[in-house]
Amino acid sequence: MSEHIPVSALAEQWEAARLRTFLARNGHETVTPEDYWAELRLGTEIAREAQSGRWCAVADLLRLGEVKFWAEVGTVLGMSETEARDGFHAWVAGQQRLYEAARVGFTAAEADDLRELAESVML
């Protein structure tokens, strides 16, 4: 298993690589292919890390009664309201399977509660 690197450290490394590639494009610095690969790899890792908790945030907003329309969620996540709703349901199902396999995630009752909250939100 790889070691966890804080997003702040990833962002610093990405920013440094990004600056080198930007300066190289403008003739101010020499850049290596490794800098382009680093920019691409680190940007992908940052995006993955930033998105990893999005469904947890949606679950918390649902529990607080703050989601009135799936279109709200879809807009924030950059997807359609149907994709947001279906994505959330898929995540809940995955969390329930995870609990059944490893006792991490949602119990059946917790998953059912979230499904009920999700179904109360209008498309």
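Note: the structure precedes this text.
Here's what I pulled together on the structure shown here.

Rules of the game
Residue numbers restart at each chain and count upward from 1, following the sequence in its written direction. Given that this is a predicted model, residues contribute local features only at a pLDDT of at least 70 and side-chain atom pairs are listed and counted only at 80 or more, while totals for whole chains, interfaces and linings are drawn from all residues. Values shown for side chains rest on all heavy atoms present in the structure; no hydrogens or waters enter the calculation. We call a set of buried residues a nonpolar core when its members are Ala, Val, Leu, Ile, Met, Phe, Trp, Tyr or Cys and they connect through side-chain atoms within 4.5 Å of each other. Each residue gets one of three labels from its accessible area relative to the maximum for its type: buried under 20%, exposed over 50%, partly exposed in between, using a 1.4 Å probe on protein chains only. Here a residue-residue contact requires only that any non-hydrogen atoms of the pair lie within 4.5 Å. For salt bridges, the criterion is a side-chain nitrogen of Lys or Arg within 4 Å of an Asp or Glu carboxyl oxygen. What counts as a helix is a DSSP run of H or I of at least four residues, what counts as a strand is a run of E of at least two, and both are numbered from the N terminus.

1. Observations concerning the nonpolar core
In terms of nonpolar packing, the biggest core is built from 16 residues, with V58, L62, W70, F88, W91 and V92 touching the most fellow members. When near neighbours in sequence (up to four residues on either side) are disregarded, W70 contacts V58, L62, E81, A84, R85, F88, A118, V121, M122 and L123. By size, the runner-up hydrophobic cluster in this structure holds five residues, among which are L10, A17, L42 and I46.

2. Focus on the pattern of salt bridges
Considering all chains together, one arrives at six salt bridges under this definition. R18 is the partner of E39 in a salt bridge, and the nearest nitrogen-oxygen pair spans 3.1 Å. With E39 in helix α2 (residues 33-51) and R18 in helix α1 (residues 7-25), this pair connects stretches of sequence that are 21 residues apart. Residue classification places R18 among the partly exposed residues on the basis of a relative accessible area of 30%.

Remember, this is a structural readout, not a statement about activity or role.
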